[in-house]
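# A structural walkthrough
Here is what each chain is made of, one letter per residue.
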Amino acid sequence: MEGINLLNFAGFNDNNINHIRECFDSTIVLRGENLFVKGDEQEVKTIERIINELVFLYNRQGEISTEDVKLILNLVDTGDDNRVLEKYNVTSGDVKDIILFKKNDFIKPRTRTQLIYHKKSLENDIVFAIGPAGTGKTYLAVAFAVSALKKKQVNKIVLTRPAVEAGENLGFLPGDLSEKVDPYLRPLYDALEDMIPFEKLKTYLERNTIEVVPLAYMRGRTLNNSFVILDEAQNTTTIQMKMFLTRLGANSRAIITGDTTQIDIPKRELSGLVQVQKILDGIDGIEFVFFEKSDVVRHKLVKDIIEAYEKHNTEI
């Protein structure tokens, strides 16, 4: 492993390597500047792919953490002949799975489901991404849209959310309607600011090349040559969901994201995101991607929090 500081690569007390050892029967030995793997031929190949991906990360970041190791391990389906890395043409350092280049960095799928999400978004005009918080549904959707805009596949990006009160009361917030609604749209702005230089983003927003609007403002519009994202879709009603989906015009694509465990609309209303799964199931050009808590890429405690709430809810 030329050019790699194995002491840093292996982590404190070889923690990084130990995480890999726990997942396989093969013997993994660090000796000097070399790493030796002995075991079943197919398993050794799988470990080699994992190590190559980690080396790529190490060269890019200057270090790797145990969280990086866990994420890379999630990319490999060790029990399936159709290996995830092979199936989606993901090789170490290959640009095929890179969604968007940023300043000194790039965005790429980090879990198995994110890989599927990326693939489905390239192959279908409408994709629903459903699952818990922290799985990258919204962030990646914005990356898909920005990538399509930069490649001139679309002329416009429209990002929208329902302004539904999650325990707060809009009427008591200061300011006019726009100022009251902005906090609901802030996560979308955050994602954009992470991917587009400030001055460029400002120009896009001023020219309406990128538009961030509440869902209520979408009624009556037809969006041509656009990449449209509906975020927090669990808080749409059935009527709102139908209204959004029928805004799509020629050469437009849409991604709808949401978490059906965090519905804030009144209980008398059926979530449009819940109902749409039955209504649109099986239609060509429309796909559903379901994320699990294992796909969470936020703080390591987020998975534990989601699991604890699930356990609590089943006990009630």
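Residues numbered from 1 in each chain as written. Predicted model: local features only at pLDDT ≥ 70, side-chain atom pairs only at ≥ 80, totals over all residues. Heavy atoms only, no water.

### Side note on the overall build of the chain
Applicable threshold: Only DSSP runs of H or I reaching four residues or more are called helices, and only runs of E reaching two or more are called strands; each is numbered from the N terminus. Exposure classes here rest on a 1.4 Å probe applied to the protein chains alone. A residue is buried below 20% of its type maximum, exposed above 50%, and partly exposed in between. A 1.4 Å probe and the Shrake-Rupley method give the accessible areas. Residues count as covered only by the protein chains that appear here.
Of the regular secondary structure elements, the chain holds 12 helices and 10 strands. Sorting the 316 residues of the chain into buried and exposed places 46% on the buried side. As displayed, the chain offers around 17400 Å² of accessible surface, 48% of which is attributable to carbon and sulfur atoms.

### Focus on the nonpolar core
What tends to happen in soluble globular proteins is that the nonpolar side chains get buried as a cluster. The criterion, for reference: The set of buried Ala, Val, Leu, Ile, Met, Phe, Trp, Tyr and Cys residues whose side-chain atoms join them within 4.5 Å is what this entry labels a nonpolar core. Contacts: residue pairs with any heavy atoms within 4.5 Å of one another.
Among the nonpolar cores identified, the biggest contains 34 residues, and Y117, L192, M195, I210 and F227 are the most heavily contacted of them. Contributing elements (two or more residues each) for this core: strand 5 (126-130), helix 7 (137-150), strand 6 (156-161), helix 8 (177-195), helix 9 (198-206), strand 7 (210-214) and strand 8 (226-230). Examining the composition of this core, we find that 9 residues originate from one element, helix 7, more than from any other. In contact with F227, not counting residues within four places along its chain, are A141, F144, A145, A148, V154, K156, I157, V158, R253 and I255. If you look at the next biggest cluster of nonpolar residues, it comprises 22 residues, including V158, M218, M243 and I286.

### With respect to the packing of aromatic side chains
The geometry of two aromatic rings is summed up by the distance between their centres and the angle between their planes. Rules: Between rings of Phe, Tyr and Trp, where Trp is taken as its six-membered ring, a pair exists when centres lie within 6.5 Å; planes separated by under 30 degrees are stacked, by over 60 edge-to-face, and by other angles tilted.
Scanning the entire structure with this criterion turns up 4 aromatic pairs. Between F288 and F290, the ring centres sit 6.3 Å apart and the planes meet at 10 degrees, which makes this aromatic pair stacked. Members of the aromatic cluster, each reached through a chain of ring pairs, are Y117, F144 and F291.

### Considerations on the pattern of salt bridges
As a reminder, the rule being used: The term salt bridge refers to a side-chain nitrogen of Lys or Arg lying within 4 Å of a carboxyl oxygen of Asp or Glu.
All told, the structure shown has 10 salt bridges when counted by the stated rule. In this structure, K45 engages E41 in a salt bridge whose closest nitrogen and oxygen atoms are separated by 3.7 Å. In this pair, K45 and E41 both sit in helix 3 (residues 41-61), 4 residues apart, roughly one turn of the helix. When the shortest N-O distance is used, the salt bridge between E232 and R161 registers 3.3 Å. Of the two residues, E232 is situated in the loop between strand 8 and helix 10 (238-245) and R161 in strand 6; the sequence distance between them amounts to 71 residues. Residue classification places E232 among the partly exposed positions, given a relative accessible area of 27%. Its relative accessible area of 12% is what places R161 among the buried residues.

### Observations concerning the pairing of strand 7
It is a general feature of regular strands that their side chains alternate between the two faces of the sheet. Among the 5 residues in strand 7, 5 count as buried, and that is most of the element. The alternating pattern of strand 7 places I210, V212 and P214 on one face and E211 and V213 on the opposite face, and all of these are buried.

### With respect to the environment of N251
The line we're drawing: Under the rule applied, a polar contact is a pair of N or O atoms within 3.5 Å (in protein, one hydrogen donor and one hydrogen acceptor; residues adjacent in sequence only if both atoms are side-chain atoms).
Structurally, the position occupied by N251 is in the loop between helix 10 and strand 9 (253-258). Not counting the four nearest positions on each side in its chain, N251 is found in contact with Q153, V154, N225 and S226. One polar contact links the side chain of N251 to the main-chain carbonyl oxygen of Q153, over a distance of 3.3 Å. Engagement of the side chain of N251 in a polar contact is seen with the side chain of N225, the distance being 2.9 Å.

### A look at a positive patch on the surface
What counts is decided by this rule: Here, patches come from residues exposed beyond 30% relative accessible area and free of salt bridges, joined within 9 Å for like charges and within 5 Å for nonpolar side chains (Val, Leu, Ile, Met, Phe, Trp, Tyr). The positive count covers Lys and Arg only, the negative count covers Asp and Glu only, and His and the chain ends enter neither. For the purpose of locating charges, the reference atoms are NZ of Lys, CZ of Arg, CG of Asp and CD of Glu.
Taken together, the side chains of K150, K152, K200 and R207 define a basic patch exposed on the protein surface. Within the secondary structure layout, K152 lies in the loop between helix 7 and strand 6.

### Considerations on the confidence of the model for the chain
Operational definition: As a per-residue measure, pLDDT reflects the predictor's confidence and takes values from 0 up to 100.
For the chain, mean pLDDT is 81; residues scoring 70 or higher make up 80% of the total. Under a pLDDT of 50 for its full length, residues 77-95 has, in the predicted model, 32 contacts with residues more than four places off or in other chains. Confidence drops under a pLDDT of 50 for residues 165-174, and excluding neighbours within four residues, the segment shows 11 contacts in the predicted structure.

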